[in-house]
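# Residue-level structural notes
Next come the chains, spelled out residue by residue.
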Amino acid sequence: MTKRNITILGAGLVGSLTAILLKQRGYEVSIFERRPDARKTDIYAGRSINLAMSTRGWHALEKAGLKDAMNAIAIPMYGREIHAIDGNIVFQPYGKNNEAIYSVSRGELNKFLIDEAEKLGVQINFESKCTYTDIASNTITIEDLEGTKNIKVDLLIGSDGAFSSLRNAYAFADKTDYQHFYIGHGYKELHIPAAENNGYLMKKEALHIWPRKNYMLIALPNMDGSFTLTLFFPYEGEPSFKSLLTDEEIIAFFKEQFDDAITLMPNYLNDYKTNPTSSLVTVKINKWTHLDKSLLIGDAAHAIVPFYGQGMNAGFEDATTLANIIDKYKGENWTSILDEYAASRIKNGYAVAQLALNNFIEMRDLVADPAFIERKKIEKELGLRYPNEYLSVYEMVSFSHTPYAVALATTEAQHELYQTIINNTTNFWEQLNDDNYIAQLSIWVKQYSVKANNILANA
Ligand SMILES: Cc1cc2nc3c(=O)[nH]c(=O)nc-3n(C[C@H](O)[C@H](O)[C@H](O)COP(=O)(O)OP(=O)(O)OC[C@H]3O[C@@H](n4cnc5c(N)ncnc54)[C@H](O)[C@@H]3O)c2cc1C
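Here the residue index of a chain counts from 1 through its sequence in written order. Given that this is a predicted model, residues contribute local features only at a pLDDT of at least 70 and side-chain atom pairs are listed and counted only at 80 or more, while totals for whole chains, interfaces and linings are drawn from all residues. Only hydrogens and water are set aside; all other atoms, that is, all heavy atoms of the structure, feed into the side-chain values.

Take the layout of surface pockets next. Of the volumes computed, that of the second largest pocket is approximately 590 Å³. Lining the second largest pocket are 25 residues, and of these Glu362, Leu366, Phe372, Arg375 and Thr411 sit closest to its centre. Broken down by secondary-structure element, the contributors of at least two residues to the lining of the second largest pocket are helix H11 (334-364), helix H12 (370-385), helix H13 (393-399) and helix H14 (404-423). At eight residues, H14 tops the list of elements feeding residues into the lining of the second largest pocket. With a 1 Å grid spanning the protein atoms alone, the term cavity applies to any set of points in which a 1.4 Å probe fits but cannot get out, the term pocket to an open set with protein on both sides within 12 Å along at least five of seven lines, and the term lining residue to any residue with an atom within 4 Å of a point. Grid points are joined across faces, edges and corners, and a volume is the space filled by probe spheres set on the points. Numbering of helices and strands starts at the N terminus; helices are DSSP runs of H or I of at least 4 residues and strands are runs of E of at least 2.

Paired through backbone hydrogen bonds, the strands of a sheet run either parallel or antiparallel to each other. Pairing between strands is defined by DSSP: at least two bridges between the two strands are required. The seven strands lie next to each other as S6-S5-S14-S15-S16-S13-S17, forming an open sheet whose pairing is mixed. One side of each edge strand has no neighbouring strand; the edge strands of this open sheet are strand S6 (89-93) and strand S17 (278-285). Between one strand and the next, the sheet's axes are offset by a mean angle of 25 degrees, whatever the strand orientation. Relative to S17, strand S13 (residues 178-192) runs antiparallel, the two being bridged by seven bridges. Pairing of Tyr187 across the sheet is with Ser278, part of S17. Contacts are residue-level and defined by heavy atoms, with any inter-residue pair within 4.5 Å sufficient. Lines fitted to the C-alpha atoms define the axes, with helices restricted to the stretch that makes contact. Angles between their N-to-C directions range from 0 to 180 degrees. Taken strand by strand, H11 contacts strand S5 (79-83), S13, strand S14 (207-211), strand S15 (216-221), strand S16 (227-234) and S17, and its axis lies near 145 degrees from that of S17.

Turning next to the pattern of salt bridges. Any Lys or Arg side-chain nitrogen found within 4 Å of a carboxyl oxygen on Asp or Glu counts as a salt bridge. Counted under the stated rule, the structure contains 26 salt bridges. Lys149 serves as the salt-bridge partner of Asp144, at 2.6 Å between the closest nitrogen and oxygen. Here Asp259 ties to Lys255 by a salt bridge, and the two come within 3.3 Å at their closest N and O atoms. Sharing partners across several salt bridges, the network here consists of Asp37, Arg39, Lys40, Asp115 and Glu118.

For this purpose, a residue is taken to be near a molecule or strand whenever a single non-hydrogen atom of the residue falls within 4 Å of it. Taken together, 27 residues lie around the ligand, and Glu33, Ala52, Arg106, Asp299 and Met312 are the ones closest in. Glu33 is positioned with one of its side-chain polar atoms (N or O) 2.6 Å from an oxygen atom of the ligand. In this structure, a nitrogen atom belonging to the ligand sits 3.3 Å away from a main-chain N or O atom of Gly311. Residue burial considers only the protein chains on display, and all accessible areas are found by Shrake-Rupley using a 1.4 Å probe. Bound to the protein, the ligand loses 87% of the 1,000 Å² it would expose on its own. Breaking the shell around the ligand down by element, the ones donating at least two residues are helix H1 (13-23), strand S3 (50-53), strand S9 (129-134) and helix H10 (311-328). All residues other than Ala, Val, Leu, Ile, Met, Phe, Trp, Tyr, Cys, Pro, Asp, Glu, Lys and Arg, Gly among them, are scored as polar; the first ten of these are nonpolar and the last four charged. Its residues assigned to classes, the shell around the ligand shows nine nonpolar, eleven polar and seven charged. Two N or O atoms count as a polar contact when they lie within 3.5 Å, although within protein this holds only if one can serve as hydrogen donor and the other as acceptor, and sequence-adjacent residues are included solely when both atoms are side-chain atoms.

Nothing here speaks to function; it is all geometry.
As structure tokens, then:
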């Protein structure tokens with residue numbers, strides 16, 4: 001058997017991790033990356049963007065033997081700290097067993113993965129942009145500092161992000177359904193500096209949210225004591241990026257909506273005016289592979305809105321799935337490897353995109369709604385009483401390997417169970433002392449569990 005030579009477009013998070021997993025399996029791997037080397041140039045322009053890493057992401061790092069090194073620079077966030085408009089703060093745990101998602105620096109993670117890939121012998125060509133891909137002949141056109149060249153490649157992997165060059169080529173292929181769309185909100189980053197001696201001005205081990213119905217501000221902790229904040233805000237309407245124009249308007253708005261936050265943000269006005277406003281795109285495509293020649297992975301295949309904190313996690317899961325399928329076929333029969341990869345991932349790419357869109361409403365609005373908070377408490381109780389039957393959709397997505405398509409399909413069944421409970425209950429917490437009620441509750445949960453198992457079996 002001759003091993004395939006693998007060419008990867010993009011040395012972002014998913015491309016560099018994929019390169020590591022493939023190199024560890026004995027392939028020759030080279031990467032073309034549009035940007036300069038992040039280890040030598042500050043491509044993040046001094047900004048400290050962070051991401052939430054959860055179970056699927058950790059699993060991929062563990063598979064690559066890199067979990068411990070990243071663990072040292074990850075901050076656990078055990079729940080959401082909700083900041084009401086009157087300054088009242090409430091903590092909502094994420095899991096029933098003290099589970100956490102982790103704040104990691106995107107820049108540090110990317111640099112670390114690039115380093116590890118290079119140490120293994122992956123050849124990374126920076127400032128080398130792919131401008132065109134011919135999928136029939138597997139030829140890529142690369143523009144670098146020396147000029148333009150066409151390179152015929154053996155196996156091509158497109159991990160070149162939301163505006164992927166390989167995906168653009170796929171989008172025009174026969175019988176390909178392709179869609180990308182923007183939501184009406186954009187985002188802007190703001191900053192809370194560290195306290196003295198790298199202390200934290202807010203609770204460190206939480207994801208902070210200021211939910212304001214149609215928009216929200218969130219904050220994740222950084223290792224140096226600071227927090228990176230993101231304002232998700234409509235482009236148009238009242239209030240919106242378009243409506244806040246003068247210093248007076250911006251200050252009045254922040255004072256009214258985020259008064260407790262701005263006391264910690266000495267530069268928020270300047271940050272608001274000078275930091276870029278970025279848009280949020282969702283990408284869906286039903287073709288992720290071409291014969292035994294090429295495949296899409298990460299955002300190139302499924303760019304999603306960031307409200308479930310799953311974009312990178314889903315991309316890392318693509319990479320571990322690909323590695324597992326390669327192992328299953330012992331690196332032979334690439335048509336089967338690519339077919340199985342597509343069959344297992346496309347439906348999950350569609351599902352995580354929908355889960356992420358749905359979660360925006362939960363984060364910006366529902367987390368402050370008493371009925372939603374009560375539901376979360378009841379769900380937690382169900383999970384503790386019936387650990388084999390009930391796992392909330394949030395736990396499935398963030399703390400398990402349940403396929404995203406199963407998590408999405410189970411949403412409706414969980415909603416039905418909850419409706420049954422509240423329609424037939426006067427006071428849940430008091431009735432938990434009643435044996436007859438518990439017997440009835442167990443029947444409802446059993447009925448739900450049958451449905452959930454059917455969804456899993458048919459996935
Ligand atoms: C505001 C925000 C918050 C987020 N928060 C989270 C979170 O909490 N948790 C989470 O899991 N995910 C989160 N995400 C999503 C996450 O950032 C992405 O899913 C992840 O970066 C995808 O990695 P990737 O390697 O597929 O793509 P990218 O990170 O976009 O990397 C693509 C790489 O390809 C290169 N490239 C692009 N075009 C070309 C070309 N033509 N030729 C050569 N190279 C090219 C780029 O320079 C880049 O290095 C968030 C996203 C946003 C916008």
